[in-house]
Amino acid sequence: MMLPLKGLQTMRRLLIRPYSSSVTQSSNLSALKKSLEARNQLDLLKKIESNENIDPRFLPNLIHPDVLTYGETPKEVSVHNEIPKFPKKPANFGDICHKLNLLKMDVGEFAGSRSYYLMHDLAALERSLILYAVERLRREKFELVAVPDILPARNIEACGMQVHGLRNQVYKLSDKTDGSEMCLSGTSEMALATFLSGKIFKKSDLPRKFMAVSRCFRAETSKITEERGIYRVHQFNKVEMFGVTAPEDSEIALEKFKSIQIELFNDLGLNFKVLDMPPHELGAPAYRKYDIESWMPGREMYGELSSCSNCTDYQSSRLNIRMEGGEFAHTINGTAAAIPRLLIAIIESFQDKKGIEIPKVLRKYMKKSRIERDKVVPATKLIKDVTREMYAEM
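Rules used throughout
Numbering of residues starts from 1 in each chain and follows the order in which that chain's sequence is written. Totals for whole chains, interfaces and linings use all residues, but because this is a predicted model, local features are given only for residues with pLDDT of at least 70 and pairs of side-chain atoms are given and counted only at 80 or more. As a rule here, side-chain values cover all heavy atoms of the structure and leave hydrogens and water aside. Note on conventions: DSSP H or I runs of at least 4 residues are helices, E runs of at least 2 residues are strands, and numbering of each starts at the N terminus. Only protein chains enter the calculation, and the probe is 1.4 Å; a residue is then buried if its accessible area is under 20% of its type maximum, exposed if over 50%, and partly exposed in between. Two residues form a contact once any of their heavy atoms are found within 4.5 Å. Surface exposure here means Shrake-Rupley accessible area, sampled with a 1.4 Å probe, where a residue is shielded only by the protein chains that are shown. Just to be clear on terms, a salt bridge is a Lys or Arg side-chain nitrogen sitting within 4 Å of an Asp or Glu carboxyl oxygen. When DSSP finds two or more bridges between a pair of strands, those strands are recorded as paired. Only the stretch in contact is used when a helix axis is fitted, and all axes are lines through C-alpha atoms; the angle between N-to-C directions ranges over 0 to 180 degrees. Oblique is the label for any angle not covered by the other classes, which are roughly parallel (under 35 degrees), roughly antiparallel (over 145) and roughly perpendicular (65 to 115). Left-handed describes a crossing whose near helix is turned anticlockwise from the far helix through less than a right angle; right-handed describes the clockwise counterpart. As a working rule, the residues Ala, Val, Leu, Ile, Met, Phe, Trp, Tyr, Cys and Pro are called nonpolar, Asp, Glu, Lys and Arg charged, and the rest polar, with Gly in that last group. One less than the residue count of a helix, multiplied by 1.5 Å, gives the span that helix is expected to have.

*Asks:* I'd love a proper account of the overall build of the protein chain, names of residues and values included.
*Replies:* A count of helical and extended segments in the protein chain gives 13 helices and 16 strands. Sorting the 394 residues of the protein chain into buried and exposed places 53% on the buried side. In the protein chain, the share of contacts with a sequence separation of at least 24, taken over all contacts with a separation of at least 6, comes to 70%. Looking at the protein chain as shown, the accessible area adds up to about 19100 Å², and 51% of this sits on carbon and sulfur atoms.

This is how it looks when you write it as structure tokens:
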């Protein structure tokens with residue numbers, strides 16, 4: 001429904017319940033304009049200044065005042081551990097895995113583009129990272145939830161990810177466009193938010209913290225050399241954190257999520273930096289977002305491992321997650337373990353001439369301290385080459 005906008009007072013007065021969030025309050029009009037300008041959403045800004053009709057669902061969140069001062073550059077918050085040193089130029093993830101027979105890619109004719117198979121100890125390392133993250137989050141009193149991978153489009157959009165348009169990252173399972181179409185979930189954040197839709201919380205029961213292990217599906221692609229291999233793929237496993245807080249506590253909760261991430265990656269022994277991201281790097285739901293980037297020696301670059309965001313009432317206002325007095329609760333989300341990029345960082349950081357030294361915190365799950373070439377198993381060959389040989393012999 002299109003609402004008349006006169007300084008946003010009308011939206012607030014009409015009490016359109018699912019969307020009467022903080023951005024629709026007349027007292028936040030100036031902050032909203034600053035947010036739109038910083039996000040370079042000038043068309044929306046022009047409509048607001050001209051008092052044109054606007055659908056409040058299309059308004060992004062406000063932006064933390066500190067973040068508005070960053071310009072185009074992220075603020076480096078902290079750096080952890082030393083960049084690993086090697087006697088010669090380190091190998092990249094793909095070459096190491098080929099040598100150790102750990103990964104099969106280029107299997108598009110069987111499983112679609114950007115698909116892959118984790119083999120032997122690499123598959124075990126994936127499982128170990130998941131167990132490690134879940135165990136750590138249990139210590140922090142996160143509740144483990146098994147979530148669906150298929151969600152209605154309207155719920156995905158309520159969480160801030162676009163389902164329609166040329167640049168969307170969502171796999172749709174039908175041709176409908178009314179919001180009822182089912183889609184593959186891009187992250188369990190969406191399923192956890194949906195799980196809480198319509199809930200009313202007492203302040204004494206907050207914060208509530210949830211975690212989920214799920215498959216994530218992304219339609220995005222990339223031809224950038226640095227993003228080759230499993231760095232950017234169409235599906236991957238991830239351990240996600242999600243929190244619900246009272247409005248006055250969400251900034252504290254975001255800092256807690258960040259500290260958990262720092263502890264997780266620090267104990268793995270990775271070199272990484274924490275960045276407070278500038279406005280143009282914020283998605284529509286984010287009021288503030290921290291990224292964590294790890295050094296990947298074989299690629300000679302920092303690559304994003306995870307992020308955490310304070311979405312304030314952006315998601316809760318769209319999914320009707322409220323406090324007992326009627327005010328919208330705030331939501332926080334963060335990645336505890338995005339498996340493919342963690343694998344890249346670990347394999348490249350702890351390589352030596354014989355194989356991989358497994359981080360100490362993962363050895364109890366791996367039941368070993370090293371990954372080395374299985375001398376019985378031949379070096380990996382591309383599946384498509386093996387298949388051609390099979391058909392040639394028939």
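Here the narrative resumes, following the displayed structure.
*Asks:* Pulling in residues and values, what's your account of unusual backbone geometry?
*Replies:* The amide bond that connects Leu206 to the next residue, Pro207, takes the cis arrangement and shows omega of 0°. Note on placement: Pro207 falls in the loop between β7 (200-201) and β8 (208-217). Of note, His120 is a non-glycine position whose phi angle comes to about 50°, a positive value. Topologically, His120 is positioned in helix α6 (residues 120-139).

*Asks:* How would you explain the pattern of salt bridges if you had to name every residue and give the values?
*Replies:* In the structure shown here, the tally under the stated rule is 18 salt bridges. A salt bridge links Glu248 to Lys203; the nearest nitrogen and oxygen atoms lie 2.4 Å apart. Of this pair, Glu248 sits in the loop between β9 (235-245) and α9 (250-267) while Lys203 sits in the loop between β7 and β8, and the two are 45 residues apart along the sequence. We classify Glu248 as partly exposed; its relative accessible area is 46%. Residues Glu357 and Arg370 are paired through a salt bridge, measuring 2.9 Å at the closest nitrogen-oxygen approach. Taken together, the positions of Glu357 in strand β15 (residues 355-357) and Arg370 in strand β16 (residues 370-372) put the pair 13 residues apart, joining distant regions of the chain. Each of Asp352, Glu357, Arg363, Arg370 and Glu372 takes part in salt bridges that share partners, so that together they form one network.

*Asks:* Could you give an account of the side chain of Asp121, naming the residues involved and the relevant values?
*Replies:* Summarising the element assignment, Asp121 is placed in helix α6. With sequence-adjacent residues up to four places away left out, Asp121 is seen in contact with Leu102, Met366, Lys368 and Ile371.

*Asks:* Got a sec to walk through the pairing of strand β11 (residues 288-296)? Specific residues and values, please.
*Replies:* The buried count for β11 comes to 9 of 9 residues, which makes it a mostly enclosed element. Alternating positions in β11 separate into two faces, Arg288, Tyr290, Ile292, Ser294 and Met296 on one and Lys289, Asp291, Glu293 and Trp295 on the other, with burial throughout. Here strand β10 (residues 272-276) runs beside β11; their pairing, made up of 5 bridges, is antiparallel. Its bridge partner being in β11, Val274 is matched across the sheet by Ile292. Pairing analysis gives 9 bridges linking β11 to strand β12 (residues 301-310), with the strands arranged antiparallel. Within β12, the position partnered with Ser294 by the bridge is Gly303.

*Asks:* Talk me through the packing of α6 against helix α11 (residues 339-349); I want residue IDs and the actual numbers.
*Replies:* Axis separation between α6 and α11 bottoms out at 10 Å; the angle between their running directions is 110°. Accordingly, the angle class assigned to the pair α6 and α11 is roughly perpendicular. Two packed elements cross with a definite hand, and for α6 against α11 that hand is right-handed. Contacts from Leu122, Leu125, Glu126, Leu129 and Ile130 in α6 reach Ile339, Leu342, Leu343, Ile346 and Ile347 in α11. Residue composition of the contact of α6 with α11, by class: 9 nonpolar, no polar and 1 charged.

*Asks:* Can you break down the pairing of β8 residue by residue, with the values?
*Replies:* Among the 10 residues in β8, 7 count as buried, and that is most of the element. Relative to β8, strand β4 (residues 143-144) runs parallel, the two sharing 2 bridges. From the neighbouring strand, Leu144 faces β8, where its bridge partner is Met211. Across 10 bridges, the pairing between β8 and β9 is antiparallel. Within the sheet, the bridge partner assigned to Met211 lies in β9 and is Met241.

*Asks:* Could you give me a rundown of α9, with the residues and numbers involved?
*Replies:* With 18 residues, α9 extends 26 Å between its outermost C-alpha atoms, agreeing within 8% with the 26 Å of an ideal straight helix rising 1.5 Å per residue. Gly269 sits one or two positions beyond α9 and adopts a positive phi of about 85°.

*Asks:* Tell me about the sheet that holds β8, and please be specific about residues and values.
*Replies:* Strand order in this open sheet of 8 strands is β1-β10-β11-β12-β14-β9-β8-β4, and the pairing throughout is mixed. Taken across any chain shown, the strands that pair with only one partner, and hence form the sheet edges, are β1 (75-80) and β4. Note that β9 and strand β14 (residues 330-338) share 8 bridges and pair antiparallel. Paired with Glu240 across the bridge in β14 is Thr335. Sitting on the sheet, helix α8 (residues 188-195) is in contact with β8, β9 and β14, with an inclination near 135° to β8. α9 contacts β1, β9, β10, β11, β12 and β14 of the sheet and is inclined by roughly 150° relative to β12.

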